[in-house]
Amino acid sequence: MVIRDYIFLGIFLLVMACVPLLLKNDYYISIFVFASFNCLACIGLSLLLGYAGQISLGHAAFIGIGAYTSGYLTTQFAWSPWITMFIGVVISIIIAIAVGVPSLKLRGHYLAMATLGFGAILYIVAVAAVDITGGPAGLNNIPPLNLFGLILDSDKKFFFFSWSVVVIGLLFALNLINSRVGRGLRALHGSEDAANSIGINTSSYKIQIFIFSAVFSSIAGSLYAHYVTYIDPGPFGIMHSVLLMTMVAVGGMHKIWGAVIGSLLLSLLPEFLSFSTGYFKTFGIEYKPDYDTLVYGIILLSIMLFLPEGLYGGFSSAFRAVKNIVKRNGKKAKSSS
Amino acid sequence: MVETILEYQELQKNFGGVVAVNKLNMTVDIGSITSIIGPNGAGKTTIFNLTTGFLSPTAGNIKFFGNSINQLKPHNIASLGIARTFQNVQVFDNMSVLENIMVGRHLRSKSGILSSTIIPPFLRKEEKHIKREAEKWLEFIGMADDSQISAGSLPLGKQRMLEIARALAMEPKLILFDEPASGLNARETLAIGELIGKIKESGVTVVLVEHDMELIMDISDIVAVINFGTRIAMGTPAEIQINEDVITAYLGD
Ligand SMILES: Nc1ncnc2c1ncn2[C@@H]1O[C@H](COP(=O)(O)OP(=O)(O)O)[C@@H](O)[C@H]1O
Ligand SMILES: [Mg+2]
């Protein structure tokens, strides 16, 4: 179980390291950089959704908190991005406590409501607090990250950096799952009553995981700000929160690897769709970017109907089925010889 | 005099108009097997839910070693040393048999979210210790061979055994069993009876709710009979078997 995770991590590292070698165009590399931010947020979110069984509709707002804290403090006071990223994390933790504690103390899905409200409020603040956030126009000239003297100002450099952060995040999440705390979370998911009966403080665990996932999103937001160097409220709305949840659900919410697969796939999908516009035309279909939402909806619906354990779950049962067939044939071959 | 481990004083639980537990008074001696019997709907499960903090009493008191535990949450009550099983068996079917028991070691281990995140599992000493202890309890219930099987795919009899082992892994002082033999065949019931006897021998106090009269009369030290949430009789199995009120309650008038 644990060993398999490390093998996957090795394969994942190799595959990601090959991506920039295969993609000659910087534009495509930048798509992968954006995917890394979603991936980081989704890893945290998958712990919340798949293990603590809670829905958040406000994680894009935590990405926003990271992005705006970094953007504002670096442009106004010229603080080091590393310090501002840390401050963003601290602010996210405080807000996650304020939102999470009252709603997670009770059993049920109060967190979904609370985060929906909190996401909406933060979005309005980002648009209205013009003096701090720059309003709809946003913040410009955010400095790039400086990694021990290496300025991360190209897509390729940032690609390697941000995916390294994802790998570290992934390693942390995997450690957590295969620990006392992770077992407690899986127990909570299996039966909350039984988990309580053996002394697991399930509401405290839910709160901790909510905070944990908020930290992942906040870091993703800070990275985003220093990558694009300008931010506006656009990407931090409810729709993006919903998209993040969709990524986790499509990939498979009960496994961290599902979050990785789902976030990569749905981050790359719009590019793939616009790339295919030409093919659609040959069939006489005029494909517009507006249809993306429709495609997402269809994907989510089909996954929920046919692969409730997500793509990862689908892959692993297919793999198991093939393994069984091979085994059976192997036995047959032996017995007939 | 024997020390009292658990005491109910005028315990009352109403669900709207339904009085599930009605002015119940009862004590449990330390080291005993005390059984609670009574017709369906008599309030037995509700008594367990009150004792373990899943419900809070409408009135009255529950005392554990003389201290009131009425206001505590389930996980706090567990940490005092009260374990339980559920009438509708609740194993973690998303985990292996061994992992189920490992979670039972929750209160006997410490690592928190930060250390668990940073230190990988194979470098954590506590992890190895948890595993060793869990294997010991798996041995205790005689299911060492099933260690890696998914708990959800076990037959009911083994699921009940596993639930008991998970509770024992807490090393509780008191354990409450809610119909551990229901749905089991004669052989499995016998095994559960033997296991409960072994648990008593190890020094853990047992409160048992069960419908299987043979099992009850065989292993109980004291039997309490509940009807409509009140105690109508209490005594040794021999005394209960000849009690007029009990016979009326069970056979109707
Ligand atoms: N959570 C609940 N809400 C409402 N009524 C309940 C609840 N739990 C139990 N009851 C009622 O309380 C009474 C006692 O139930 P219970 O304790 O389950 O009985 P037993 O375990 O002895 O069969 C029944 O009438 C039952 O319907
Ligand atoms: Mg019952």
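Residues numbered from 1 in each chain as written. Chains lettered and ligands numbered in written order. Predicted model: local features only at pLDDT ≥ 70, side-chain atom pairs only at ≥ 80, totals over all residues. Heavy atoms only, no water.

### Quick notes on the overall build of chain B
Quick note on the threshold: For helices the rule is a DSSP run of H or I covering at least 4 residues; for strands it is a run of E covering at least 2, with both sets numbered from the N terminus onward. Radius of gyration: C-alpha atoms only; globule rule: 2.2 Å multiplied by the number of residues to the exponent 0.38. A simple rule labels every residue: compare its accessible area, found with a 1.4 Å probe on the protein chains alone, to the largest value its type can have, and call it buried under 20%, exposed over 50%, or partly exposed in between.
The number of helices and strands found in chain B is 10 helices and 10 strands. What you see for chain B is a C-alpha radius of gyration of 19 Å, in line with the 18 Å of a compact globule of 253 residues. A principal-axis box enclosing the C-alpha atoms of chain B has dimensions of 65 × 40 × 40 Å. Buried positions account for 52% of the 253 residues belonging to chain B.

### Concerning the nonpolar core
Rules: In this description, a nonpolar core means a group of buried Ala, Val, Leu, Ile, Met, Phe, Trp, Tyr and Cys residues linked to one another through side-chain atoms lying within 4.5 Å. The contact criterion used throughout is that any non-hydrogen atoms of two residues lie within 4.5 Å.
Grouped together as the largest cluster of nonpolar side chains are 143 residues, with contacts concentrated most on Trp163 and Ile231 of chain A. The element best represented in this core is helix 2 (residues 26–51) of chain A, accounting for 15 residues. Not counting the four nearest positions on each side in its chain, Ile231 of chain A is found in contact with Ala67, Tyr68, Ala137, Gly138, Leu139, Ile142, Tyr224, Ala225 and Phe236 of chain A. In this structure, Ile36, Ile47, Ile82 and Leu174 of chain B belong to the second largest nonpolar core, which totals 24 residues.

### Some thoughts on the interface of chain B and chain A
This is how it is decided: Accessible surface is computed with a 1.4 Å probe, and the buried area is the amount of it that two parts give up when combined, taken over both parts together. We count a salt bridge whenever a side-chain nitrogen from Lys or Arg sits within 4 Å of a carboxyl oxygen from Asp or Glu. Under the rule applied, a polar contact is a pair of N or O atoms within 3.5 Å (in protein, one hydrogen donor and one hydrogen acceptor; residues adjacent in sequence only if both atoms are side-chain atoms). Amino acids outside the nonpolar list (Ala, Val, Leu, Ile, Met, Phe, Trp, Tyr, Cys, Pro) and the charged list (Asp, Glu, Lys, Arg) are all regarded as polar, and Gly is one of them.
With 35 residues of chain B in contact, the opposing surface of chain A contributes 30 residues. Summing the contributions of chain B and of chain A, the shared interface buries around 2,800 Å²; its carbon and sulfur component is 61%. In terms of surface lost to chain A, no three residues of chain B exceed His106, Ile113 and Thr117 of chain B, which account for 24% of the buried area on that side. Here chain B and chain A share 2 salt bridges between them. Applying the counting rule to chain B against chain A returns 11 residue pairs in polar contact (both at pLDDT 80 or more). Of all the elements in the fold, those that place two or more residues in the side of chain B that touches chain A are helix 2 (74–80), strand 6 (82–84), helix 3 (97–104), helix 4 (113–118) and helix 5 (125–140) of chain B. Its residues placed into classes, the side of chain B that touches chain A shows 18 nonpolar, 10 polar and 7 charged.

### Observations concerning the coordination of the magnesium ion (ligand 2)
All names here are of chain B. Applicable threshold: Donor atoms: N, O and S within 2.8 Å of the metal, or within 3.2 Å for Na, K and Ca. Because water is excluded, sites can look incomplete.
Binding of the magnesium ion (ligand 2) to the protein goes through Thr45 (OG1) and Gln87 (OE1), at separations of 2.0 to 2.2 Å. Within this pair, whereas Thr45 is found in helix 1 (residues 44–51), its partner Gln87 is found in the loop between strand 6 and helix 3, the two being separated by 42 residues in sequence. With relative accessibility at 32%, the residue Gln87 sits in the partly exposed group.

### Thoughts on unusual backbone geometry
Both trends apply: most residues other than glycine have a negative phi, and most peptide bonds are in trans. All names here are of chain A. Positive phi, normally seen in glycine, also occurs at Asn141, with a value near 55 degrees. Its location among the elements puts Asn141 in the loop between helix 6 (130–133) and strand 1 (146–147). Within the chain, Phe148 stands out as a residue other than glycine whose phi angle is a positive 50 degrees. Relative to the helices and strands, Phe148 is located in the loop between strand 1 and strand 2 (150–151).

### Points about the packing of helix 3 of chain B against helix 5 of chain B
All names here are of chain B. Going by this rule: To get an axis, a line is fitted to the C-alpha atoms, and for a helix only the part in contact is used. The angle between two axes follows their N-to-C directions and goes from 0 to 180 degrees. Oblique is the label for any angle not under 35 degrees, not over 145, and not in the 65 to 115 range, which are roughly parallel, roughly antiparallel and roughly perpendicular in turn. Here a crossing is called left-handed whenever its near helix is offset anticlockwise from the far helix by less than a right angle, and right-handed whenever the offset is clockwise.
Viewed as axis vectors pointing N to C, helix 3 and helix 5 meet at an angle of 110 degrees, and their least axial separation amounts to 8 Å. Between helix 3 and helix 5, the crossing angle belongs to the class labelled roughly perpendicular. Read as a crossing pair, helix 3 and helix 5 show a hand that is right-handed. Contacts from Val97, Leu98, Ile101 and Met102 in helix 3 reach Glu127, Ile130, Lys131, Ala134, Glu135, Trp137 and Leu138 in helix 5. Residue classes in the contact of helix 3 with helix 5 are distributed as 8 nonpolar, no polar and 3 charged.

### Quick word on the pairing of strand 4 (residues 59–64) of chain B
All names here are of chain B. Under the convention used in this document: DSSP-based pairing: two strands are paired if at least 2 bridges between them are found.
Two strands pair when backbone bridges link them, and strand 1 (residues 4–15) and strand 4 are joined in this way by 5 bridges, in the antiparallel orientation. Considered in strand 4, the bridge of Gln9 is made with Asn61. As defined by bridge partners, strand 4 adjoins strand 5 (residues 67–68) across 2 bridges and the pair is classed as antiparallel. When the sheet's bridge partners are listed, Lys63 is paired in strand 5 with Ser68.

### Overview of the domain arrangement of chain B
All names here are of chain B. For clarity, the cut-off: Here the limits of each domain have been adopted from an automatic or database domain assignment.
Here chain B is partitioned into domain 1 (4–90 + 172–251) and domain 2 (92–153). Here the C-alpha centroids of domain 1 and domain 2 sit 29 Å apart. Both faces considered, domain 1 and domain 2 share a buried interface measuring about 410 Å² in area, 72% of it formed by carbon and sulfur atoms. At the boundary of domain 1 and domain 2, one finds 0 salt bridges. Counting across the domain 1 and domain 2 interface gives 1 residue pair in polar contact (both at pLDDT 80 or more). Top element by residues in the side of domain 1 that touches domain 2 is helix 7 (residues 186–201). It accounts for 3 residues.

### As for the site of ligand 1
Residues and elements named next belong to chain B. Note the cut-off: The rule for a residue being near a molecule or strand is that one of its heavy atoms must lie within 4 Å of it. Accessible areas in this description were obtained via Shrake-Rupley with a 1.4 Å probe; residue shielding takes into account the shown protein chains only.
Taken together, Phe15, Val18, Ala20, Asn40, Gly41, Ala42, Gly43, Lys44, Thr45 and Thr46 make up the full set of residues near ligand 1. Ala42 is positioned with one of its backbone polar atoms (N or O) 3.2 Å from an oxygen atom of ligand 1. Here ligand 1 loses 59% of its free accessible area of 560 Å² to cover by the protein chains. For the shell around ligand 1, the secondary-structure elements that each account for two or more residues are strand 2 (18–29) and helix 1. Ranked by the residues each element gives to the shell around ligand 1, the list is headed by helix 1, at 3 residues. Of the residues belonging to the shell around ligand 1, the class tally is 4 nonpolar, 5 polar and 1 charged.

### Description of the sheet that holds strand 8 (residues 205–209) of chain B
Residues and elements named next belong to chain B. Taken together, the 6 strands give an open sheet; going across it, the order is 6-7-8-3-9-10, and neighbouring strands pair in mixed fashion. The open sheet has two free edges, formed respectively by strand 6 and strand 10 (230–235), since each of these has just one partner strand. Each adjacent strand pair in this sheet contributes to an overall mean axis angle of 20 degrees, direction not counted. Pairing of strand 9 (residues 222–227) with strand 10 involves 5 bridges; the strand directions are antiparallel. Within strand 10, the position partnered with Val225 by the bridge is Ala233. The sheet strands contacting helix 1 are strand 3 (33–37), strand 6, strand 7 (174–178), strand 8 and strand 9, and the helix crosses strand 7 at an angle near 150 degrees.

### Section: helix 5 (residues 110–128) of chain A
Residue and element names in this part refer to chain A. The following threshold applies: A helix is expected to reach a length of 1.5 Å times the quantity of its residues less one. Regarding the arc, it is the one traced by the directions from the helix axis to the C-beta atoms.
The first and last C-alpha atoms of helix 5 sit 27 Å apart over 19 residues, in line with the 27 Å expected at 1.5 Å per residue. All of the buried residues in helix 5 are Leu111, Ala112, Thr115, Phe118, Gly119 and Ala126. For helix 5, the buried positions fall inside an angular range of 130 degrees around the axis, keeping them on one side. The exposed residues of helix 5 that point more than 90 degrees off its buried face are Met113, Ile121, Ile124 and Ala128. Its buried side turned inward, helix 5 meets helix 2, helix 3 (59–77), helix 4 (81–104), helix 6, helix 10 (202–228) and helix 11 (238–251).

### Some words on the packing of helix 11 of chain A against helix 12 (residues 256–275) of chain A
All names here are of chain A. Close contact between helix 11 and helix 12 brings their axes to 7 Å; oriented N to C, the two are set at 120 degrees. Relative to helix 12, helix 11 is oriented oblique. For the pair helix 11 and helix 12, the crossing hand works out as right-handed. Along the contact surface, helix 11 presents Leu243, Thr246, Met247, Val250 and Gly251, while helix 12 presents Gly258, Gly262, Ser263, Leu266 and Ser267. A per-class count over the contact of helix 11 with helix 12 returns 4 nonpolar, 6 polar and no charged.

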